[in-house]
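# Structural features, examined
These are the residues of each chain, in order.
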Amino acid sequence: MTELRIGYWFLLGPVHYTVVHFYETSRGNVALLVRMDAECPYITVRDLSKRTGGHYDWAWGHYFKNFEDAVRDYLARKADLEG
């Protein structure tokens, strides 16, 4: 398991990210993140993980201006992961 949970935050370069939703299975994980000071502040990401050196990365992300759209996308991707 991972240290990632709701409310956890990290820096990726100069950008501050906060975990809003996180779901993990043996097949991987999906997360909804908020990044500060961004035009599209909400991101759904797949396979968020801590890499060598302590920085975070993910396989892909989808960016949203609207929180409700991001939550809908997160829930759809979570359902796919549960699958």
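Below you will find a few notes about this structure. (Residues numbered from 1 in each chain as written. Predicted model: local features only at pLDDT ≥ 70, side-chain atom pairs only at ≥ 80, totals over all residues. Heavy atoms only, no water.)

Our next topic: helix H1 (residues 67-82). Its 16 residues place the ends of H1 22 Å apart at the C-alpha level, agreeing with the 22 Å of an ideal helix rising 1.5 Å per residue. Among the residues of H1, Ala70, Val71, Asp73, Tyr74 and Leu81 are the ones counted as buried. One side of H1 carries all its buried residues, which in axial view fall inside an arc of 165°. Looking at H1, the residues exposed on the side facing more than 90 degrees away from the buried face are Arg72 and Asp80. The inward-facing, buried residues of H1 contact strand E2 (15-25), strand E3 (28-35), strand E4 (42-46) and strand E7 (60-64). At the N-terminal end of H1, a side-chain oxygen is found 2.8 Å from the backbone nitrogen of Glu68, two or three residues along, and the residue is Asn66. (Helix = DSSP H or I, 4+ residues; strand = E, 2+ residues; numbered from the N terminus. Expected span 1.5 Å × (residues − 1). Buried < 20%, exposed > 50% of the residue type's maximum accessible area, 1.4 Å probe, protein only. Arc of directions from axis to C-beta. Contact = heavy atoms within 4.5 Å. Polar contact = N/O pair within 3.5 Å; in protein donor to acceptor, adjacent residues only side chain to side chain.)

In this section: the pattern of salt bridges. As enumerated under the stated definition, the model contains 4 salt bridges in all. The partner of Asp47 in a salt bridge is Arg46, and the shortest N-O contact between them spans 3.3 Å. (Salt bridge = Lys/Arg side-chain N within 4 Å of Asp/Glu carboxyl O.)

A few words now on the nonpolar core. In this structure, Leu4, Phe10, Leu33, Val45, Leu48 and Trp58 are the most contacted members of the largest nonpolar core, which totals 13 residues. Top element by residues in this core is E2. It accounts for 3 residues. (Core = buried A, V, L, I, M, F, W, Y, C linked by side-chain atoms within 4.5 Å.)

A few words now on the pairing of E4. Most of E4 is tucked away, with 4 of its 5 residues classed as buried. In this structure, E3 lies alongside E4, joined through 5 bridges in antiparallel fashion. Along E4, the bridge assignment pairs Leu32 with Thr44. Between E3 and E4, which pair antiparallel in sequence order, lie 6 residues; one of them, Asp37, sits at a positive phi of approximately 55°. Of the pairings in the sheet, the one linking E4 to E7 comprises 5 bridges and is antiparallel in character. When the sheet's bridge partners are listed, Arg46 is paired in E7 with Trp60. (Pairing = 2+ DSSP bridges.)

Turning our attention to the pairing of E3. For a regular strand, the rule is simple: side chains alternate between the two faces of the sheet. Among the 8 residues in E3, 7 count as buried, and that is most of the element. If you look at the hairpin formed by E2 and E3, you'll find 2 residues sitting between the two strands.

Mapped onto the secondary structure, Trp58 falls in the loop between strand E6 (56-57) and E7. The sequence separation of Trp58 and Glu68 amounts to 10 residues, and the corresponding C-alpha distance is 22 Å. Once residues within four sequence positions are removed from consideration, Trp58 is found in contact with Phe10, Leu12, Tyr17, Leu33, Val45, Arg46, Asp47, Leu48 and Tyr63.

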